Amino acid sequence: MRQARADEYAEFAAARAGHLYRSACLLTAGDTHLAEDLVQETLGRLYVRWGRVSRVGNPAAYAQTVLTRTFLAHQRRRSSTERATDVLPERAGAERDTSLRLTLLQALARLPAKDRAVVVLRYWEDRSIEETADAMNASSAAVRTRCVRALGRLRELLGEDIGEYARP
């Protein structure tokens, strides 16, 4: 029984790790090292509680909630502003619009942590207001307010017409 549960967790972790990492990268505004740390901490917390987590209706949503709360807790810590380096490693890969990606990551980085979390959960994860409120341990009204504030701030940073960043 114990081995079956461990195998089930390993399968879940392997399937969800990439998605959690992408979400963590957005939450951290491109800090890949912190994103990896957040995903590892999230997966560790899930492993400890896997007996209960595996019985919930949607363990993937539970994992996303744990990731978001782990990120917000990290932002509250005093040492969360420390950075090991400001140079990102070069990556080989398919051609992408890196200027758009960098512009969006820079704009996300300028948002407060909770506003950034709302934007990622609502518009990247495509969650409802209630799901976002539950993940952030906040009221629906607070999520609506943060959405309006965060989108307004992004419009200030990016301009009203974001299409100019997406030109080939």
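Structural notes, computed from the coordinates.

The rules behind each value
- Residues numbered from 1 in each chain as written.
- Predicted model: local features only at pLDDT ≥ 70, side-chain atom pairs only at ≥ 80, totals over all residues.
- Heavy atoms only, no water.
- Axes fitted to C-alpha atoms, helices over the stretch in contact; angles between N-to-C directions.
- Helix = DSSP H or I, 4+ residues; strand = E, 2+ residues; numbered from the N terminus.
- Parallel < 35°, antiparallel > 145°, perpendicular 65-115°, else oblique.
- Left-handed = near helix turned anticlockwise from the far one by under 90°.
- Contact = heavy atoms within 4.5 Å.
- Salt bridge = Lys/Arg side-chain N within 4 Å of Asp/Glu carboxyl O.
- Buried < 20%, exposed > 50% of the residue type's maximum accessible area, 1.4 Å probe, protein only.
- Core = buried A, V, L, I, M, F, W, Y, C linked by side-chain atoms within 4.5 Å.

1. Points about the packing of helix H4 (residues 59-76) against helix H6 (residues 113-124)
Running from N to C, H4 and H6 point in directions that differ by 165°, and their axes come no closer than 10 Å. Overall, the two elements H4 and H6 adopt an arrangement that is roughly antiparallel. H6 is crossed by H4, and the crossing has right-handed handedness. Residues Gln-64, Thr-68, Phe-71, Leu-72 and Gln-75 of H4 touch H6, and the partners they reach there are Ala-113, Lys-114, Arg-116, Ala-117 and Leu-121.

2. Structural notes on the environment of Leu-108
Mapped onto the secondary structure, Leu-108 falls in helix H5 (residues 98-109). Each C-alpha atom of the pair Leu-108 and Leu-27 lies 8.0 Å from the other, and the pair is 81 residues apart in sequence.

3. Side note on the environment of Ala-63
Tracing the sequence through the fold places Ala-63 in helix H4. Between the C-alpha atoms of Ala-63 and Val-53, which are 10 residues apart in sequence, the distance is 8.8 Å. Excluding residues within four positions of it along the chain, Ala-63 makes contact with Phe-12, Leu-20, Thr-42 and Leu-46.

4. Thoughts on the pattern of salt bridges
Within this structure, the stated rule accounts for four salt bridges. Glu-41 serves as the salt-bridge partner of Arg-45, at 2.6 Å between the closest nitrogen and oxygen. A residue pair is termed a helical-turn pair when its members lie 3 or 4 positions apart in one helix, as Arg-45 and Glu-41 do in helix H2 (residues 32-48) at four residues. Assessed through its relative accessible area of 34%, Arg-45 is described here as partly exposed. Residue classification places Glu-41 among the partly exposed positions, given a relative accessible area of 28%. In this structure, the salt-bridge partner of Arg-149 is Asp-115, at a minimum N-O distance of 3.8 Å. Of the two residues, Arg-149 sits in helix H8 (residues 140-158) while Asp-115 sits in helix H6, which places them 34 residues apart along the sequence. Its relative accessible area of 45% is what places Arg-149 among the partly exposed residues. A network of salt bridges, in which partner residues are shared, links Asp-115, Arg-146 and Arg-149.

5. Examining unusual backbone geometry
Across residues other than glycine, the phi torsion is negative in most instances, and most of the peptide bonds are trans. Positive phi, normally seen in glycine, also occurs at Asp-126, with a value near 55°. Position of Asp-126 among the secondary structure elements: in the loop between H6 and helix H7 (129-136). Among the residues examined, Asp-126 registers a relative accessible area of 65% and is labelled exposed. Of note in the backbone geometry, Asn-137 takes a positive phi value of approximately 60° without being a glycine. Mapped onto the fold, Asn-137 is located in the loop between H7 and H8.

6. Some points on the nonpolar core
Among the nonpolar cores identified, the biggest contains 42 residues, and Leu-43, Leu-46 and Phe-71 are the most heavily contacted of them. Every element with two or more residues in this core is listed here: helix H1 (2-27), H2, helix H3 (50-53), H4, H5, H6, H7 and H8. Among the elements that line this core, the one with the most residues is H1, at eight residues. Other than its neighbours up to four places away in sequence, Leu-43 contacts Tyr-9, Ala-13, Ala-17 and Leu-20.

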